[in-house]
Amino acid sequence: MSYTLYDKLWNLHEVTQRADNTYLLYIDRHLIHEVTSPQAFEGLKLAGRSPWRISANIATPDHNVPTTDRSKGLEGIYDEVAKLQVVTLDDNCKEHDILQFDIHDRRQGIVHVVGPEQGLTLPGMTIVCGDSHTSTHGALATLSMGIGTSEVEHVLATQCLKTSKLKNMRVTISGELQDGVTPKDVTLAVIGQIGTAGGTGYAIEYSGSVIENMSIEGRMTVCNMAIEAGARAGLVAYDKTTEDYIRNRPFAPKGEKWLEAINQWKDLISDKGSYFDKEIIIDGSSIAPQVTWGTSPEMVIDIDGSIPEPTSDSMKHALDYMNLESGKRIKDIRLDQIFIGSCTNSRIEDLREAAKILEGKKISSTIKRAIVVPGSGLVSKQAIEEGLDEIFIQSGFEWRAPGCSMCLAMNPDQLGDGEHCASTSNRNFEGRQGYGGRTHLVSPATAAASAIQGSFVDVRDFIS
Amino acid sequence: MKNTSTFHAGQAVPLERDNIDTDQIIPKQFLKSIKKSGFGQNLFDAWRYEDEGFPGQDVSLRKVNKEFILNQDKFLDSDILISKKNFGCGSSREHAVWSLLDYGFKVVIAESFADIFYNNCFNNGLLPIVLDSKEIDQLLDLADQRQQIEIDLENQIIFSVDSEIAHFDIDPFRKKCILEGLDEIGLSLTHSEQIKEFEKNRILDSPWIFIDEKENG
Ligand code: SF4
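## Some thoughts on the site of the ligand
All names here are of chain A.
Phase 1 of the analysis: As a structural note, the neighbourhood of the ligand is formed by His63, Ile110, His112, Asp131, His133, Ser342, Cys343, Cys404, Cys407, Leu408, Asn426 and Arg432.
Phase 2 of the analysis: A breakdown of the residues in the shell around the ligand according to their chemical character gives 5 nonpolar, 5 polar and 2 charged.
Phase 3 of the analysis: Looking at the shell around the ligand, you find at least three residues from each of domain 1 (5–163) and domain 3 (289–463).

## As for the domain arrangement of chain A
Residue and element names in this part refer to chain A.
Phase 1 of the analysis: Under the domain assignment, chain A is made up of domain 1 (5–163), domain 2 (167–285) and domain 3 (289–463).
Phase 2 of the analysis: Between the C-alpha centres of domain 1 and domain 2 the distance comes to 22 Å.
Phase 3 of the analysis: Roughly 2600 Å² is buried in total at the junction of domain 1 and domain 2, and carbon and sulfur atoms are behind 62% of that figure.
Phase 4 of the analysis: One salt bridge connects lysine 8 with aspartate 271, and the closest N-O pair in it is separated by 2.7 Å.
Phase 5 of the analysis: For the interface between domain 1 and domain 2, the tally reads 15 residue pairs in polar contact (both at pLDDT 80 or more).
Phase 6 of the analysis: Only helix H1 (5–13), helix H4 (111–118) and strand E7 (143–146) provide two or more residues apiece to the side of domain 1 that touches domain 2.
Phase 7 of the analysis: When residues in the side of domain 1 that touches domain 2 are grouped by element, the largest group, 6 residues, is from H1.
Phase 8 of the analysis: Its residues assigned to classes, the side of domain 1 that touches domain 2 comprises 16 nonpolar, 12 polar and 4 charged.

## A few points about the sheet that holds strand E15 (residues 337–340) of chain A
Phase 1 of the analysis: A sheet is described by the order of its strands in space; here 5 strands give the open sequence E17-E16-E15-E18-E19 (chain A), paired in parallel fashion. For this open sheet the edge positions go to strand E17 (398–399) and strand E19 (438–441) of chain A, each flanked by a neighbour on one side alone.

## Details of the pairing of strand E2 (residues 23–26) of chain A
All names here are of chain A.
Phase 1 of the analysis: As judged from the 3 bridges shared by strand E1 (residues 14–17) and E2, these two strands associate in the antiparallel manner. In the strand pairing of E2, glutamate 14 is matched with leucine 25.
Phase 2 of the analysis: Between E1 and E2, which pair antiparallel and follow one another directly, the connecting turn spans 5 residues, one of which, asparagine 21, has a positive phi of 75 degrees.
Phase 3 of the analysis: As paired strands, E2 and strand E8 (residues 160–163) are joined by 4 bridges and run antiparallel to one another. Its bridge partner lying in E8, leucine 24 is registered against lysine 162.

## Structural notes on the environment of proline 14 of chain B
Phase 1 of the analysis: Tracing the chain through its elements places proline 14 of chain B in strand E2 (residues 12–14).
Phase 2 of the analysis: Taking the C-alpha atoms as reference points, proline 14 of chain B and leucine 70 of chain B, separated by 56 residues in sequence, lie 8.7 Å from one another.

## Some remarks on the packing of helix H12 (residues 348–358) of chain A against helix H13 (residues 377–385) of chain A
All names here are of chain A.
Phase 1 of the analysis: At a closest axis distance of 9 Å, the pairing of H12 and H13 adopts a crossing angle of 40 degrees. When you trace H12 past H13, the crossing you get is right-handed. Contacts from Ile348, Leu351 and Arg352 in H12 reach Val379, Gln382 and Ala383 in H13.
Phase 2 of the analysis: Looking at the contact of H12 with H13, its residues break down into 4 nonpolar, 1 polar and 1 charged.

## Details of the packing of aromatic side chains
How two aromatic rings sit relative to each other is set out by the distance from centre to centre and by the angle between their planes.
Phase 1 of the analysis: All chains considered together, the criterion is met by 16 aromatic pairs over all chains.
Phase 2 of the analysis: An angle of 40 degrees between the planes, with centres 5.3 Å apart, marks the rings of tyrosine 26 of chain A and phenylalanine 198 of chain B as tilted. One end of the pair, tyrosine 26 of chain A, is in strand E2; the other, phenylalanine 198 of chain B, is in helix H8 (residues 192–205), on a second chain.
Phase 3 of the analysis: An angle of 65 degrees between the planes, with centres 6.0 Å apart, marks the rings of phenylalanine 44 of chain B and phenylalanine 68 of chain B as edge-to-face. Placement of phenylalanine 44 of chain B in the loop between helix H1 (22–25) and helix H2 (45–48) and of phenylalanine 68 of chain B in the loop between H2 and strand E3 (80–82) is noted, with a sequence separation of 24 residues between them. Each member of the pair, phenylalanine 44 of chain B together with phenylalanine 68 of chain B, is buried.
Phase 4 of the analysis: The rings of Tyr238, Trp258 and Trp265 of chain A together with Trp208 of chain B are connected pair by pair, giving a single aromatic cluster.
Phase 5 of the analysis: For the cation-ring pair, arginine 249 of chain A lies above tyrosine 245 of chain A, with the distance from its terminal atom to the ring centre recorded as 3.9 Å.

So, how was this worked out
- Residues numbered from 1 in each chain as written.
- Chains lettered and ligands numbered in written order.
- Predicted model: local features only at pLDDT ≥ 70, side-chain atom pairs only at ≥ 80, totals over all residues.
- Heavy atoms only, no water.
- Near = heavy atom within 4 Å.
- Nonpolar A, V, L, I, M, F, W, Y, C, P; charged D, E, K, R; others polar.
- Domains from an automatic or database assignment.
- Buried area = accessible area lost by both parts, 1.4 Å probe.
- Salt bridge = Lys/Arg side-chain N within 4 Å of Asp/Glu carboxyl O.
- Polar contact = N/O pair within 3.5 Å; in protein donor to acceptor, adjacent residues only side chain to side chain.
- Helix = DSSP H or I, 4+ residues; strand = E, 2+ residues; numbered from the N terminus.
- Pairing = 2+ DSSP bridges.
- Axes fitted to C-alpha atoms, helices over the stretch in contact; angles between N-to-C directions.
- Left-handed = near helix turned anticlockwise from the far one by under 90°.
- Contact = heavy atoms within 4.5 Å.
- Phe/Tyr/Trp six-rings, centres within 6.5 Å; stacked < 30°, edge-to-face > 60°.
- Buried < 20%, exposed > 50% of the residue type's maximum accessible area, 1.4 Å probe, protein only.
- Lys NZ or Arg CZ within 6 Å of the ring centre and 35° of its normal.

Now the structure itself:
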């Protein structure tokens, strides 16, 4: 019998089938942030229950934390309601003795950056978090899914997720990427091809030579946006790259246990001949840098393309909102703001990718604001050690403290009404980055090059 | 006719509109709250008060809209809500169900419900009942006369003081959940022994998952 990676992960965690025919899936790791957890803890308390296994839970605040002055800690959060969410996370973690990288901790950051970085995300695990981008962790051969607040409470109380089985999809990216084309472009190109509902009901395993040659950071960028393709989970098979990434991470197994672990992890691949309900094959060398022009991640096009003719009301509405007309070249879109950050693109590699392009250059004087927000305190530290912060600052970027920031603009980092932004985040929904804001999703390289130009530019020309 | 299998007996309040959505049930400014409780005072906020509400306000100081049916003296103590078509449409937010429960509603009767809202009700122990428009009209009369309405969930019948009004359908499994007071968590916890057993094996197989995180890092 041959199994897919998803099937294997499922089989490793299936506890039982409930009377209503749903399954209980054992959860190894539960990541917690401040926005979706308060009601779950409250529910637990009201029902007189306590967490099933404390050590499964790890928390960090990310959505509401300010990215400017961090020296004031909690006092630096001026929105009282937002502050209360962060304080509540503190209180809940203290009450239940849950490990938290709090606002003062140098390890604090976006929950999906922190988990893998600390070795809290380990191959073979099931991981959940009250956040749809939990799919990110699948890059390390885990089964990772976003859940709602009721489910957060359910997982806290039972250590299980009540769920049904997903179908298997494999997306193979063959060949080799062109210079300047990055994992972000790969994941956007996949969404462009299958659509934002294309992965609904599936777990997507990404494979092929492009993925095999990709770093873990890159694979995380790809899996992060599996949810934008409609899939609750993204996956990449375990290999030597995974092993090298995890070795010596703070929470990774050591010594004998490490040897035992890597021996077990070797099996975390889809068997030859295993069955996928759906197969997509994309030639990696044909992928160009991608830019979204509308208000859904599937409204995406090559950098050298032009805005398409609208074929539906939603396209018309999107063009209206974006103040763009069909036929306009992507390269002619003037930019107001640049955002490099979010759980999609805020890891050290992303910052290196952007800094390489910005080194010795200045961003256009027409750019009103360009900010770079590292994904965690440790990414920030590493970048500073490598002198990347200086490159960003010299070029005209603002260097910020870690958090979600302008990805969803829950803190003061927001777009102004009507402003166009080249953003390395994952959602270009109306108003997502600020009321009336117009988001274009791109890679860190494209964001950096376009910052210099003041409008979108083909980073392939830029580096040659 | 007080029945031994009564699930709930109480007074109903009619909210005779179609398509009451989750934004109307609990307006968005209250979602920043960190609680699952306390939403009751802002249930139907835009209809209940004459000013615009915001979180943290002392609602006793606000001007109440006397026209709105929940504010009318005769309906003040209602705990059964009766509405029309597509009740609870809109977003998936559970805050809508939390608000109805926190206000004191135990049962919502409507001609139809939005899918997600219907599921959310069961997840939180609020009983949603679907009846046809003729039956709803009968209940509306009873509500207006302040007659008690009795719900026998076991036998799936709604009674007035002196007669049977309607039969209703409900998924047997969900009925059991509500009757036995089992929420999803409670139900999953009936499998506690299996979870413990599974966990024991998982610790043996992959012990590195279970290290005490506090000792590392
Ligand atoms: S960075 Fe954006 S997408 Fe990622 S967890 Fe934060 S808000 Fe969500």
